[in-house]
There are 6 protein chains.
Amino acid sequence: MAEFDLPLEQLRAYRPDVRRPDDLQAFWDATIEESRALAEPPRTERVETGMTLVDTHDVTFSGFGGHPIRAWAHVPAGASGPLPAVVEFHGYSGGRSLAWQNQVFATAGYVHLTVDSRGQGWKAVGATPDPTADAGLSTEPGVMTKGIADKDTYYYRRLFTDAALAVDAARALPWVDAARVAVTGASQGGGLAIAAGALNHDVVAVATDVPFLCHFERALAISDRDPYGEIVRHLARYRDRVEQTLDVLSYFDGANLAALAQAPALFSVGLRDQTCPPSTVYAAFNHWGGDDKEMAVYRFNDHEGGGEHHVPRKLAFLAQHLR
Amino acid sequence: MAEFDLPLEQLRAYRPDVRRPDDLQAFWDATIEESRALAEPPRTERVETGMTLVDTHDVTFSGFGGHPIRAWAHVPAGASGPLPAVVEFHGYSGGRSLAWQNQVFATAGYVHLTVDSRGQGWKAVGATPDPTADAGLSTEPGVMTKGIADKDTYYYRRLFTDAALAVDAARALPWVDAARVAVTGASQGGGLAIAAGALNHDVVAVATDVPFLCHFERALAISDRDPYGEIVRHLARYRDRVEQTLDVLSYFDGANLAALAQAPALFSVGLRDQTCPPSTVYAAFNHWGGDDKEMAVYRFNDHEGGGEHHVPRKLAFLAQHLR
Amino acid sequence: MAEFDLPLEQLRAYRPDVRRPDDLQAFWDATIEESRALAEPPRTERVETGMTLVDTHDVTFSGFGGHPIRAWAHVPAGASGPLPAVVEFHGYSGGRSLAWQNQVFATAGYVHLTVDSRGQGWKAVGATPDPTADAGLSTEPGVMTKGIADKDTYYYRRLFTDAALAVDAARALPWVDAARVAVTGASQGGGLAIAAGALNHDVVAVATDVPFLCHFERALAISDRDPYGEIVRHLARYRDRVEQTLDVLSYFDGANLAALAQAPALFSVGLRDQTCPPSTVYAAFNHWGGDDKEMAVYRFNDHEGGGEHHVPRKLAFLAQHLR
Amino acid sequence: MAEFDLPLEQLRAYRPDVRRPDDLQAFWDATIEESRALAEPPRTERVETGMTLVDTHDVTFSGFGGHPIRAWAHVPAGASGPLPAVVEFHGYSGGRSLAWQNQVFATAGYVHLTVDSRGQGWKAVGATPDPTADAGLSTEPGVMTKGIADKDTYYYRRLFTDAALAVDAARALPWVDAARVAVTGASQGGGLAIAAGALNHDVVAVATDVPFLCHFERALAISDRDPYGEIVRHLARYRDRVEQTLDVLSYFDGANLAALAQAPALFSVGLRDQTCPPSTVYAAFNHWGGDDKEMAVYRFNDHEGGGEHHVPRKLAFLAQHLR
Amino acid sequence: MAEFDLPLEQLRAYRPDVRRPDDLQAFWDATIEESRALAEPPRTERVETGMTLVDTHDVTFSGFGGHPIRAWAHVPAGASGPLPAVVEFHGYSGGRSLAWQNQVFATAGYVHLTVDSRGQGWKAVGATPDPTADAGLSTEPGVMTKGIADKDTYYYRRLFTDAALAVDAARALPWVDAARVAVTGASQGGGLAIAAGALNHDVVAVATDVPFLCHFERALAISDRDPYGEIVRHLARYRDRVEQTLDVLSYFDGANLAALAQAPALFSVGLRDQTCPPSTVYAAFNHWGGDDKEMAVYRFNDHEGGGEHHVPRKLAFLAQHLR
Amino acid sequence: MAEFDLPLEQLRAYRPDVRRPDDLQAFWDATIEESRALAEPPRTERVETGMTLVDTHDVTFSGFGGHPIRAWAHVPAGASGPLPAVVEFHGYSGGRSLAWQNQVFATAGYVHLTVDSRGQGWKAVGATPDPTADAGLSTEPGVMTKGIADKDTYYYRRLFTDAALAVDAARALPWVDAARVAVTGASQGGGLAIAAGALNHDVVAVATDVPFLCHFERALAISDRDPYGEIVRHLARYRDRVEQTLDVLSYFDGANLAALAQAPALFSVGLRDQTCPPSTVYAAFNHWGGDDKEMAVYRFNDHEGGGEHHVPRKLAFLAQHLR
């Protein structure tokens, strides 16, 4: 993929006006409060994975509307005392995967809570449905337009709330030091990490990679890939819903949510990322509410971003804030 | 697309053993009965389309679980006496469209009830959600695997029931002669026409084109296109669910349902149809329960089948059975 | 498709200098006059379609060089008195289709003359050849470069003349009120509607959607799709014919012809239209000769433009000018 | 491309029944005779190419209907006495190219007549139109369906006749020994070489590579590529013309024409050729009328066949029959 | 991908005659002996990865010709006594990756030696060149045809020897119990696991997934994907080298090498695998020299095979043979 | 392909700062000197091609490191006295082809030396390996990244040296007038022609078409095609090597080498060339060291550039400088 977005020097200064609802904070305060009121303590059940160095627990916690959300907690084998924790969210189409997979953060010494995305799980195994009739408010395959006619029924209201409450759940796990919980994720997982950082101020660090769901209006204009493409096709079919849809999306725009966040943040970006174009990543980065933030730039990369090279940098960032 | 399925002479004799549950009839009897018990009379509201020769009414009738299903009733302008009716179902991704569209059967003198597919409507406009928490039992984009873990939660249980009850609704419309109601549709609409013919014996004729949802096991083996591909990808990801899934699908297999139908039938098939391979169409045709049946063969066509050339033949078939 | 052309605010002001031959008006005056002198009254023959609300007639009228051009006249059943008429031209590759198809304007109460494009008809059925040895002056598949070496032999000289004379034919039909004839079409049909409006001043309204054949030089630079691509490939092969070809095309450029038109006009445009880029549509719109003109903008659409949502707006426009 | 046709041992024995008209010989006798009666001697004009070893002449000879057909005659520089000649026909979309191109046979010591295909010339430059109103009898881009409704108007009637008369023209050139004229070509050019060998018995050798236009009915069934695809799409659209079209094509089927040929022949075939499937090549080869024939088999090749490796073998074959 | 190879019941019995050189054993005995004679003990160097549960060592061992081959040894942190070991080879284009990646077998309690493929490393990071002038004997991008003109210069002679000697190296590591070393890998890694099992009888178990490099002649006939496609394209270009090439490949055919192996084996296969078609996998499986073998079948999978679902089964197989 | 690079008027003035090493001249002086010291006189062997007008000789000359490089010398048959010569280099993936191919320059009266590209030859036959262990320093298929970690091991150091020494070899051939040797080539061959002109001042004219390997940094930014894509993918995988790689490439940048050249030059460019974007061609052209230079512009062409139309212009240029 050739370069297609702004040059790096312009990206660094790119802090666009983004459509922002007046009641953004109120909407999310009410949303989180309402679901938090319905929450029960997380349930855990030890599972056998064949991994001798890591203990894995099947976790069920209360997400939006009190709905049960599944996650794995991977814990360094035999850990007793409180450990720092990393809560991970997943990319679009993914899930928590099978119990033996994805134990990197536990191998690095953290409690790792890897969280399902409700109603997803087609490119990686998931186990959490989206148990509400609003899930049937759908016209386009995929979740991007589920319930998009109203901010209250939109799918990402539920998923962002799940992410914020996953942090509560992680802090309540017996092996976790509640004062040392970070969030991370890539693509949609990066968008969820931003949301969790914005909506749950117990998060002490945010590592967000090539985040999705940022500056929708620009993304819809310059990305011709899915998942943004789901919304483009929806608006190409339902031509009479453009303004209404952009208004709804403004409540879920990572560039708006970033402004609500305070925790130290490590972003990463691929300068040839057509799925989550770099200007949309910088829009969130440059609106980030906290001062302690850094951007890792990968010049020749598309949506894979920093990939395997970024993990050591992320581990260093986490060590700095969690150790 | 080159020829890829059995040669025509073998297709004509192709009547394969299809996985068939013992309680097929009981399952569907109970399903239809339960929803019919919840049904209310259809509501209609006249809408303005700018079409002076056809009156269009926005119809809401009770589908599966009493859920409201939307349809348009297109009626020759000024019709008073009872007319024969054609109930039409739509292809995968479609819906009833806008009110001014698709008035062919009305122009031909029939009351035309064109029925939404719940939770669809992305390639043609629809207005009917799938209003149940079971709609959230999804891992693959699209509806093919919604709730597929159980025959009771599977999406097509709801959609087939909607189709059967659409016939009840059509018969209850003020402009319709209840003794002269036919069903039709292409692709998924063809599968729904078979289902309606099998599950509602008030149907007096079935015109089904390139029907989808027939002989799943063969279709999954030889079609590499969507929508069958949604199931293939699901089973490629959830490798442990193959037998369970094929058992569930057997309740919805058009080749099994065809055997329950008695009405006169006109099928059509494209011999190069990779979406709904001709052998799967013949599997349903050769299992059809009624004796009065015919197959229109289109030798050089893919899934578009007989297209515009088949309409006059279908109109002749309908005239023969409805006039 | 992502946005790729000028932003909307620039499009609105986009009125480029377009290569324009000095003898444009004279060329077309002579061309039309010559063919009109050869014209005979249209012949009509009633055909049976099975549509009870619409009578359809097979029309043959005299086009360029007196060549016989086929069309369908769809007439509200039983109409006697004079009705307003809509003459429709078709997109590249299409034709008048089968007799039962495409009866929307008749259903809306108009006499609808739907006109073949000579030598086309591969994506929709047609019945009109291009009966001249100049049809053999071809090197690229498709009609875009047929006879392109000379303005007198170029295919679109014949097709534009057919379009202008189709209006004469419509006005001569027994069911038509000759003072109330509009033209319409999309893509190539939109280009033909512009040409008919420019070359036949008996047209009282022009509804042109995502018109093709406008501002060739820009279209060839920024569209990488067919049918413009036919010309691009031709000039990539016949590298010595660039200037000559652009000169010939200037006689057929919708932006030049638009300047000759006076009738009220409704344009529509898709802002992501790569087949007929929005700047080329605005080039014609902003050069339109009449003052009564409006543009319907579809922001998320490619070449499908306003599609089904635009029809009601177009019907309102026609009603305003024809009723 | 993987193997997709019959295995080699079956190909070697593949001699299928091919639809064959009773009046095949009579049709062609009359066709050739009629055009030959209109023929004038070829005209030649020396052109400058910058090639010092080869003299090139622009040749115009009489083809079907006496139409002027262009060719280049490449002659070893300074040749005076009579030389053997190779008449070459070109692949679909090609033409005689520019004067400096394609001088291999002249460099090998032959007079080389390289012949335009009327109305083609889009992938290689041509200079010969198809100067008849029948050229306008077209619905599909490309020439495969031009005038296909009738054997008398079909494009290949004209092109095959041009090929047969090109041999007459070659024999009349001043530098040529009329008793030593061979024909050759690949793909469409291979089909034309077969036709020339069948229809002009002054041909003394035929070298045909991966020939097109053989055993249409099988080719349409198993090739999903163009140019056969043009016919497939035509019959997919004009579903009512299948039998009529196959009847017309039977007059032009290389497997039928091959049976009329007597000259020694060298065929070549690519066993993975999806454009001209190997079974269709063997159908012509195994029906070839002469006994002196050989097949060069290229096992891993698609439509490029033997390519550059086959030329030395072909030169040896020509030397054997022309020297 | 639809099913395209033999049905499962035929696959189970598929034990084809495969081209086999008489001196196969002698060739490999000499090859291994010669390189083993040049080998030095492996060198290891501890690296820092940030993973607290696993110690990682950078290993350099002697491969073919004594060339230095890089690998990572991942060891459960703090392990002192001898542990069983798993030697892993990688798929085509891959390498040992970065030091922190791919620590699953160590997390499961094994010493894990993950071995570079010389001259590869483009889809996953590698660090081992192919340090011989024979590496320049290349005409096709990729390694499949490097030095393919002669069995002695062929790339896979070097890579298979590296694989066999990697087992020697693993057995010499200080943390390893030399009597409990298994090999595994997928795709090319699966082919290398077969080769290592065949050429190094100190291997006590072989877990090979969707193995590449088996039954070349069939693979070249039915797979149209890379990497087999590299050979197909080579033979399409160098048409005169077919037999010579197939002879060379026979020395490296996994179906021939399998016959030399005795260790217990777990194979896995995807029934829709177009990269390594199931019949080629069964060809190796059914020729396997040992009696203790099993096949895990994944019916709806392409080349991803059993993927994440197969790992637990493989861990159970390894536990059975290594614990 | 639509236009995508700078407009023509900006291209004409485009003379960018290109990363340039201080020791560029020294690096190349030492490189050429070192290999020239190892050179032996070219060996030639007459081969039989069947071409009677051209004699062909198999030439082996000393390239980089004294490595044997193969070429064909095509000589007008029977030439005795000294003739001017054209040395031709080939596009990426090509080679000198078979002996009978590509004899255009000989047919035009020149001695034509057509030179292999070591280690290439997959789209056209070659016969020259890259006989050094540095050839194994590869991670990406293709030659673009072979040994790219160091300017001394980079593949193009060897290939550029081969090109410069090919001119020495041509001048030493018995049929050649050493004072009249030009170089030419397209794409990679165009880059090699620039390199030969820069590094061997015995070249008297350079005809370079759509040259590759110019202004790497811009090419990597705006071309998303291979072969530049090989480097893009390499840097996307080896994210830590970006600066080092761009430094190495600067020694091989045609825009830097052009500045060292003095000979008269004819460039050609396709304004829609995505493989070798026009701005990268103009970067070399506008840095060319000599004053006698011209650019042939092909406005509608992609990487095929002027193709067959450019040959006469190139022959005229050669005649002007060599006759």
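The rules we used
Residues numbered from 1 in each chain as written. Chains lettered and ligands numbered in written order. Predicted model: local features only at pLDDT ≥ 70, side-chain atom pairs only at ≥ 80, totals over all residues. Heavy atoms only, no water. Buried < 20%, exposed > 50% of the residue type's maximum accessible area, 1.4 Å probe, protein only. Helix = DSSP H or I, 4+ residues; strand = E, 2+ residues; numbered from the N terminus. Contact = heavy atoms within 4.5 Å. Buried area = accessible area lost by both parts, 1.4 Å probe. Salt bridge = Lys/Arg side-chain N within 4 Å of Asp/Glu carboxyl O. Polar contact = N/O pair within 3.5 Å; in protein donor to acceptor, adjacent residues only side chain to side chain. Nonpolar A, V, L, I, M, F, W, Y, C, P; charged D, E, K, R; others polar. UniProt positions renumbered as here; feature names shortened; annotations may be inferred. Least-squares fit on C-alpha atoms with pLDDT ≥ 70 in both. Pairing = 2+ DSSP bridges. Phe/Tyr/Trp six-rings, centres within 6.5 Å; stacked < 30°, edge-to-face > 60°. Lys NZ or Arg CZ within 6 Å of the ring centre and 35° of its normal. Axes fitted to C-alpha atoms, helices over the stretch in contact; angles between N-to-C directions. Left-handed = near helix turned anticlockwise from the far one by under 90°.

Caption draft 1: How the structure looks around helix H8 (residues 242-250) of chain A. What H8(A) keeps buried is the set Val242(A), Thr245(A), Leu246(A), Val248(A), Leu249(A) and Ser250(A). Looking at the buried side of H8(A), the elements it contacts are helix H2 (24-37), helix H6 (216-222), helix H7 (228-237) and helix H9 (254-258) of chain A.

Caption draft 2: Representation of the interface of chain A and chain B. At the interface, 23 residues of chain A touch 23 residues of chain B. Summed over both sides, the interface between chain A and chain B buries roughly 1,800 Å², with carbon and sulfur atoms accounting for 54% of that surface. The largest share of the area that chain A buries against chain B comes from Trp122(A), Pro141(A) and Arg237(A), three residues that together contribute 28% of it. On inspection of chain A and its partner chain B, the count reaches zero salt bridges. Taken together, chain A and chain B are joined by 12 residue pairs in polar contact (both at pLDDT 80 or more). Among the residues forming the side of chain A that touches chain B, the class breakdown is 10 nonpolar, nine polar and four charged.

Caption draft 3: Looking closely at the UniProt feature "binding site: substrate" (unreviewed entry) in chain A. Residue and element names in this part refer to chain A. When the UniProt feature table is mapped onto this chain, "binding site: substrate" (unreviewed entry) is found at Tyr92. Relative to the assigned elements, Tyr92 resides in the loop between strand S4 (83-89) and helix H3 (104-107). Excluding residues that lie within four positions of it along the chain, Tyr92 makes contacts with Gln120, Trp122, Gly142, Val143, Met144, Tyr156, Gln188, Phe212, Pro227 and Glu230. A distance of 2.9 Å separates a polar side-chain atom of Tyr92 from the backbone nitrogen of Val143.

Caption draft 4: The relation of the copies chain A and chain B, seen in detail. Overlay of chain A on chain B (RMSD 0.0 Å): rotation 180 degrees, translation along the axis 0.0 Å. As the rotation angle and translation indicate, the two copies are arranged about a two-fold axis. The overlap is high: 100% of the interface residues of chain A also sit at the interface in chain B, so the same surface is used on both sides.

Caption draft 5: View of the relation of the copies chain A and chain F. Rotating chain A by 120 degrees and translating it 0.0 Å along the rotation axis places it on chain F, where the RMSD comes to 0.0 Å. What the rotation and shift describe, once combined, is the action of a three-fold rotation axis. When C-alpha distances to the rotation axis are compared across chain A, the minimum falls at Phe4(A), with a value of 6.3 Å.

Caption draft 6: Structural view of the pairing of strand S3 (residues 68-76) of chain F. All names here are of chain F. A large share of S3 lies buried, amounting to seven of its nine residues. Taken together, strand S2 (residues 54-62) and the strand that follows it, S3, pair antiparallel across an intervening segment of five residues, in which Gly65 is found at a positive phi of about 65 degrees. Across four bridges, the pairing between S3 and strand S5 (residues 111-115) is antiparallel. When the bridges of S5 are listed, His74 appears paired with His112.

Caption draft 7: The arrangement of the pattern of salt bridges in detail. All names here are of chain C. A full pass over the atoms with the stated rule returns 146 salt bridges over all chains. Of the charged contacts in the structure, one is a salt bridge between Asp162 and Arg118, with a shortest N-O distance of 2.7 Å. Linking Asp162 in helix H4 (residues 155-172) with Arg118 in the loop between strand S5 (111-115) and H4, this pair joins segments that are 44 residues apart in sequence. Here Asp162 matches Arg118 in class, with each residue buried. We note a salt bridge from Asp130 to Arg158, for which the minimum N-O separation is 2.8 Å. Here Asp130 is found in the loop between S5 and H4, whereas its partner Arg158 is found in helix H4, with 28 residues between them in sequence. For Arg158, a relative accessible area of 1% puts it in the buried group.

Caption draft 8: Spatial organisation of the packing of aromatic side chains. Residues and elements named next belong to chain A. For the structure on display, the rule yields 102 aromatic pairs over all chains. Relative to Phe285, the ring of Phe267 lies with its centre 5.1 Å away and its plane at 75 degrees, an arrangement referred to as edge-to-face. Here Phe267, found in strand S8 (residues 265-270), pairs with Phe285, found in helix H10 (residues 278-287); they are 18 residues apart in sequence, far enough to count as distant. An aromatic cluster of three or more residues is present, and its members are Phe27, Trp28, Tyr154, Tyr155, Tyr156, Phe160, Tyr251 and Phe252. Taking the ring centre of Tyr110 as reference, the NZ or CZ of Arg323 above it sits at 4.4 Å.

Caption draft 9: Summary view of the arrangement of the chains. At the C-alpha level, the nearest point of chain A lies 27 Å from chain D, with no contact between them. Regarding chain C and chain E, which are not in contact, the minimum distance between any of their C-alpha atoms is 27 Å.

Caption draft 10: View of the interface of chain A and chain F. Counting residues at the interface gives 14 residues for chain A, matched by 16 residues for chain F. Buried surface at the junction of chain A and chain F, both sides included, amounts to about 1,100 Å², of which 52% is carbon and sulfur. For the chain A face of the interface with chain F, the top three residues by lost area are Arg299(A), Phe300(A) and His309(A), together amounting to 50%. Taken together, the connections running from chain A to chain F amount to three salt bridges. Between Arg237(F) and Glu308(A) there is a salt bridge, with the nearest N and O atoms lying 2.8 Å from each other. Taken together, the links from chain A to chain F amount to 11 residue pairs in polar contact (both at pLDDT 80 or more). Along the lines of polarity and charge, the residues of the side of chain A that touches chain F split into four nonpolar, five polar and five charged.

Caption draft 11: Focus on the packing of helix H4 (residues 155-172) of chain A against helix H5 (residues 188-199) of chain A. All names here are of chain A. Viewed as axis vectors pointing N to C, H4 and H5 meet at an angle of 65 degrees, and their least axial separation amounts to 8 Å. Considering the relative orientation of H4 and H5, their crossing is right-handed. Residues Tyr156, Leu159, Phe160, Ala163, Ala164 and Val167 of H4 touch H5, and the partners they reach there are Gln188, Leu192, Ala195, Ala196 and Leu199. Its residues assigned to classes, the contact of H4 with H5 comprises 10 nonpolar, one polar and no charged.

Caption draft 12: Geometry of the UniProt feature "active site" (unreviewed entry) in chain A. All names here are of chain A. When the UniProt feature table is mapped onto this chain numbering, "active site" (unreviewed entry) sits at Ser187, Asp273 and His303. For the residues just named, distributed over 117 residues, the greatest C-alpha separation is only 10.6 Å, placing them together at one site. Ser187 sits in the buried class, given a relative accessible area of 13%. Setting aside residues no more than four positions away along its own chain, Ser187 makes contact with Gly91, Asp209, Val210, Pro211, Phe212, Cys276 and His303. By secondary structure assignment, the location of Asp273 is in the loop between S8 and H10. The exposure class assigned to Asp273 is buried, which follows from its relative accessible area of 0%. Those residues in contact with Asp273 that sit more than four places away from it in its chain are Phe4, Val210, Pro278, Asn301, Asp302 and His303.

Caption draft 13: Seen up close, the sheet that holds strand S4 (residues 83-89) of chain F. Residue and element names in this part refer to chain F. Strand order in the open sheet formed by nine strands is S1-S2-S3-S5-S4-S6-S7-S8-S9, and the pairing between neighbours is mixed. At either margin of the open sheet sits one strand with a lone partner, and together these are strand S1 (43-47) and strand S9 (293-298). On average, each strand axis in the sheet is inclined to that of its neighbour by 20 degrees, with strand direction left out of account. The sheet contacts of helix H4 (residues 155-171) involve S2, S3, S4, S5 and strand S6 (176-186), and relative to S6 the element is tilted by about 145 degrees.

Caption draft 14: Representation of the sheet that holds strand S9 (residues 293-298) of chain E in the model. All names here are of chain E. The nine strands lie next to each other as S1-S2-S3-S5-S4-S6-S7-S8-S9, forming an open sheet whose pairing is mixed. Whereas interior strands pair on both sides, the edge strands pair on one side only; in this sheet they are strand S1 (43-47) and S9. Neighbour-to-neighbour, the strand axes of this sheet turn through a mean angle of 20 degrees, independent of strand direction. Note that strand S8 (residues 265-270) and S9 share six bridges and pair parallel. Bridged to Phe267 within S9 is Met295. Sitting on the sheet, helix H10 (residues 278-287) touches S8 and S9, and the angle it makes with S8 is about 165 degrees.

Caption draft 15: Expanded view of the pairing of strand S5 (residues 111-115) of chain D. Residue and element names in this part refer to chain D. For S5, the tally of buried residues reaches five of five residues, placing the bulk of the element in the interior. Side-chain alternation along S5 places Val111, Leu113 and Val115 on one buried face and His112 and Thr114 on a second face that is also buried. As paired strands, strand S4 (residues 83-89) and S5 are joined by four bridges and run parallel to one another. Within S5, the position partnered with Ala85 by the bridge is Val111.

Caption draft 16: Layout of the environment of Phe89(B). Residues and elements named next belong to chain B. Position of Phe89 relative to the elements: it lies in strand S4 (residues 83-89). In this structure, the C-alpha to C-alpha distance between Phe89 and Ala71, residues 18 residues apart in sequence, is 9.8 Å. Apart from the residues within four sequence positions on either side, Phe89 is in contact with Val115, Ala163, Ala166, Val183, Thr184, Gly185, Ala186, Gly189, Leu192, Ala193 and Ala196.

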